[in-house]
Every structure is written in C-alpha cells, then in structure tokens.
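So the chains spell out like this:
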Amino acid sequence: MKTLELFEKYVIPNYTRYPVVLTRGEGSFIWDEDGKRYLDFFPGWGCNLLGHCPPTVVEAIQAQAAKLIHVPNSWHTREQGEWAQLLSQRSFGGKCFFCNSGTEANEAAIKLARMYGDEKKRYKIITFEDGFHGRTMGSVAATAQPKYQRGLGPLLPGFVYAPYNDLEAVRNIVENDDEIVAIMLEPIQGEGGVHIPSTEFMVGLRQLCDEHELILHFDEVQTGCGRTGTWFAYQGIGVTPDVMTLAKAIAGGMAAGALICKPELAPFLRPGMHAATFGGNPLAAAAGIATIRTIEEQNLLENANQNCEIFLRRFNALKEKCDVIADVRGRGAMIGVELNVSGAPAVQKCMENGLLINCTHGVVVRLLPPANLSAELANEGCDILCDALLSL
Ligand SMILES: *Cc1c(COP(=O)(O)O)cnc(C)c1O
C-alpha cells in the first residue's frame, strides 16, 4: 500500500496535509520519496531551529538513548538538572517545569496562575485577540480566536480577551475586575501573523502587573530559545515576564516543553498538583542541552540576525515594485510578509520550485528558517519566494 493510502485508511484526517511524503533531512534541506529536494524555510513548523538532523543533537540523542531513555520524575537525572540550569541562566534566573509540548506548558502556567490567585479568589487571565496558545481545553480557551473554539463549548471559564497592543483596553479590564490574576501573551504573535507589539505596550503591561500583583506570562513557545535573535524574545523588548512557556525549538526537534517561573512563584506548583510523565526525560534533556550549546558554540543568534537583515532588505525592496506586499516584519529567524492577497498560491508555487514556506492567517507568508542557514541559501530562497510573489 502506498503511504498516502495508509493515511487514507488508518490516520484520522485532522490535518490538511500536502500530498508529499518526506523521507530525509539534512541541514536546511529536506527530500521527498521521489528524491525531490526542498530548501526548507519552515523546518518542523518552527521546531527545527538548527535545521534537519543537526549532527550535535543527533549525537547527543544517540549517546543518551544507549544510556537511559526514560525514567519517571520520582527520581533525579543529571540531564534534567543541567538543562534547567542552562535555560535559567540564559533567562531570568527562574525554575523550570518540563513537559512535552507548548500547549502542555501553557496548561501548567494556567494552573500556576490559579494556584497563585487561590487565596484571594482571583482566577481570571487576560489573553489577546489573534493570539495562539495551543489545542488542549485550557489553551484553546486562552486562544482568543473563534475559529479554534467553534463547537468545543462550554469552554474553560476565566479568560478575558483584549485587543493586542492596546494598553488602555488592558488597563480598563484590570482596574474594573479584581478577579484578574494574570496577563498571558506572545511577545511576538506567531500564528497570528508575526505581529510585533510596541515597547510602550509591553512596558505598560509590566507596570500594570507590578501595581496589581498580577503574573505576567509570556508564551514564548514559538519565539523562544533563539528564534528571534536573542535567547528569548522578551530580551529583545527589554521587559521581563514572571512566567515563560517554551516548546517548539527547545530541543532541536525533539518533542519537549517547559515552563520557567520566578523562584518565588515555584512553590505554587506544589507536589501532587501537577505532573507530566514524560516531562524532562533524559532523551529530551540531552537534545535540549545539545541545542543550547550548539547555538552558543556556532554563534547562531548572530547568524540569525544577519540573515534577518537579508530577508528584510530583500522583501522591502520587492515591496517597492510589487503592490501585493502590504508589510514586512521580522526579528531574527522569524519573518512575516503580509500580502494584500491570499498567500496560498505563493506557498504552492514555492513548493513546486523547491522551497518550503508557510502562510498564516490567510495573507501572511511566515518564514521560520533555521538559525544556521547560510547567507547564500537565504538569498537563494528569497529568489524563489520573490518570483512567486511577483507572479501573484
Ligand atoms: C505552537 C504554539 C503553541 C502550541 O504548541 P504545541 O507544541 O503544538 O502544543 C502554543 N503557543 C504558541 C505561541 C505556539 O506558537
């Protein structure tokens, strides 16, 4: 039976999949079963920040798999402790809880906020229009987009939605509702279309949280771990959260997630109240450690920032002569090109010409290229994408 037939017969069709079977990846390239090679500007939906099968991560996984694959969290492992240390030292000196995905990290953060607010009977969390936080019932309630919630009701109560980048709207909610306990947002909206908020908005949220003793939670599942050219997007903005959630790029493509919170918040997630059986397992931890070390040893934050300049320069130049481009946005290895028309034909055209990209919110071409992409390949991919955009 052909692969597509296996899917047809045995796999639940809850994804829209391209009729392509991928077989092998190496660096910035991936191959399908017909031997066609693609330059991948969206490797692993943002998870493969080091490209496909980065050798240092492959080696770490292979070595760890031969020693210990999984043990429960009723024991200590060296790998989990060291991974937490590396993440803590590169962020705000917090403590880590490990899980296996972004939505799970956000569930942990929602629980932490509720337990923090329990004594004063505060439980409501402000989240933002066009945000995205995942697919489990807590995260989907936090995701203020009707298209992800339709038919799932009743949703978990306790979320109040505000417009992104509108400080007065948030202030108004906070000052009129003493049940608010936290503000949760992406420091750059990813799925929502690579929207970068103003610094005043972020500074204002920090002040509101300080004044009202609210938790400021940044969902850095997409922006974190080097994606935006700093270790975490908040560092590029200059506003530090109390809680941060991570997943996607955290372990070089291995499934993993984490919540990091300020040390004084850590006791609220007390023993018995939260857990993840596979969370922080030695295999994921070894991959996570190797990912961080590789980014540092190969100076990849710097490389991502240099590539960002290439992307912004190329797409801004195209914008001058091509009126389908409405706006160009980007930080590090996270680029959004907003169009005045649907982006789906551009995705199709690029795929035919050997380049994989993504389109989100119908009109935003989103690139999450590897941080170790060469300048030459960045330009090569831009050539293909610019041709596709010109043909729209
Ligand atoms: C992808 C994403 C999630 C969900 O992560 P999963 O690993 O798919 O559960 C949550 N928040 C943001 C910002 C994301 O981009």
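So, a few notes on the structure that sits alongside this text. If you're wondering where the values come from, they're calculated on a predicted model, not measured in any experiment. Positions within a chain are numbered from 1, following the residues in the order the chain's sequence is written. In view of the model being predicted, local features appear only for residues whose pLDDT reaches at least 70, and side-chain atom pairs are presented and counted only at 80 or more, with totals across whole chains, interfaces and linings using the full set of residues. The side-chain numbers reported here are obtained from all heavy atoms of the structure, hydrogens and water having been left aside.

The criterion for a residue being near a molecule or strand is simple. One of its heavy atoms has to lie within 4 Å of it. Every residue near the ligand is listed here: S101, G102, T103, N106, F132, H133, G134, E186, D219, V221, Q222 and K248. Two N or O atoms form a polar contact when they lie within 3.5 Å of each other; inside protein one atom must be a possible hydrogen donor and the other a possible acceptor, and for residues adjacent in sequence the pair counts only when both atoms belong to side chains. Contact distances for the ligand include 2.8 Å between an oxygen atom and a backbone N or O atom of T103. In this structure, F132 approaches the ligand through a main-chain N or O atom, which is 3.3 Å from a nitrogen atom. For the ligand, whose free accessible area comes to 380 Å², the fraction covered by protein is 81%. For the shell around the ligand, the element with the highest residue contribution is helix α4 (residues 102-117), accounting for 3 residues. All accessibility values rest on the Shrake-Rupley procedure with a 1.4 Å probe; residue burial counts only the protein chains present in the view. Secondary structure elements are taken from DSSP: a helix is a run of H or I of four residues or more, a strand is a run of E of two residues or more, and numbering for both begins at the N terminus.

This part takes up the pattern of salt bridges. By definition here, a salt bridge exists when the distance from a side-chain nitrogen of Lys or Arg to a carboxyl oxygen of Asp or Glu is within 4 Å. Counted by the stated rule, this structure contains 14 salt bridges. When the shortest N-O distance is used, the salt bridge between E296 and R90 registers 2.6 Å. Highlighted residues: E296 in helix α9 (residues 282-297) and R90 in helix α3 (residues 78-90), separated in sequence by 206 residues. Between K124 and D177 there is a salt bridge, with its nearest N and O atoms 3.0 Å apart. Linking K124 in strand β5 (residues 124-128) with D177 in the loop between α6 (167-176) and β7 (180-185), this pair joins segments that are 53 residues apart in sequence.

As a further point, take the layout of surface pockets. The computed volume of the second largest pocket comes to approximately 500 Å³. Along the wall of the second largest pocket there are 17 residues; nearest its centre are Q80, C96, F97, F98 and L269. When residues of the lining of the second largest pocket are assigned to their parent elements, the largest contribution, 4 residues, is made by strand β4 (residues 95-99). Residue composition of the lining of the second largest pocket, grouped by class: 10 nonpolar, 5 polar and 2 charged. A cavity here means a set of 1 Å grid points, computed over protein atoms only, where a 1.4 Å probe fits but cannot escape. A pocket is an open set with protein on both sides within 12 Å along at least 5 of 7 lines, and lining residues have an atom within 4 Å of a point. Grid points are joined across faces, edges and corners, and a volume is the space filled by probe spheres set on the points. Polar here means any residue outside two lists: the nonpolar Ala, Val, Leu, Ile, Met, Phe, Trp, Tyr, Cys and Pro, and the charged Asp, Glu, Lys and Arg; Gly therefore counts as polar.

Looking now at the sheet that holds strand β3 (residues 37-40). Pairing between strands requires that DSSP locate at least two bridges from one strand to the other. An order of β1-β2-β3-β13 is seen for the 4 strands of this open sheet, with the pairing classed as mixed. Because the sheet does not close on itself, it has two edges, and the strands there are β1 (22-26) and β13 (355-356). Bridge count between β1 and strand β2 (residues 29-32): 4 bridges; the pairing is antiparallel. Across the sheet, residue E26 finds its bridge partner in β2, namely F29.

This paragraph deals with α4. In a helix, the anticipated span is given by 1.5 Å times the number of residues less one. In this model, α4 (16 residues) spans 23 Å end to end at C-alpha, consistent with the 22 Å of a helix rising 1.5 Å per residue. Think of it in three bands: residues with accessible area under 20% of the maximum for their type are buried, residues over 50% are exposed, and the middle band is partly exposed, with areas taken using a 1.4 Å probe on protein chains only. Listing the buried residues of α4 in full gives G102, T103, A105, N106, A108, A109, I110, L112, A113, M115 and G117. N-capping of α4 is provided by S101, with a side-chain oxygen placed 3.3 Å from the backbone N of E104.

Of note, the bond from G153 into P154 is cis; its omega dihedral lies within 30 degrees of zero at -5 degrees. Phi is positive for N165, which is not a glycine, with a value near 70 degrees. Along the chain, N165 turns up in the loop between β6 (159-162) and α6. Judged by relative accessible area, which is 36%, N165 ranks as partly exposed. Its identity as a non-glycine residue notwithstanding, N299 has a phi of 55 degrees, on the positive side. Relative to the helices and strands, N299 resides in the loop between α9 and α10 (300-321).

Bridge count between β5 and β6: 4 bridges; the pairing is parallel. When the sheet's bridge partners are listed, I125 is paired in β6 with F159. When the strands point away from the viewer, a crossover counts as right-handed if the route from the first strand across the helix to the second turns clockwise. In this fold, β5 hands off to helix α5 (residues 137-142), which returns the chain to β6; that crossover is right-handed.

Turning to the packing of aromatic side chains, a few remarks are in order. Stacked, edge-to-face and tilted are the three classes for Phe, Tyr and Trp ring pairs, Trp counted by its six-membered ring, which pair at centre distances within 6.5 Å; planes under 30 degrees apart are stacked, over 60 edge-to-face, the rest tilted. Counting across every chain of the model gives 12 aromatic pairs. Taken together, a centroid distance of 5.0 Å and an interplanar angle of 70 degrees make the contact between F42 and W45 edge-to-face. W45 sits in the exposed class, given a relative accessible area of 51%. Ring plane angle 10 degrees and centroid distance 4.3 Å describe the contact between W83 and F98, whose orientation is recorded as stacked. Note that W83 is positioned in helix α3 and F98 in strand β4, a separation of 15 residues in sequence. Classification of W83 as buried rests on a relative accessible area of 0%. For F98, a relative accessible area of 4% gives the class buried. The structure contains a cluster of three or more aromatic residues connected by ring pairs, namely F41, F311 and F315.

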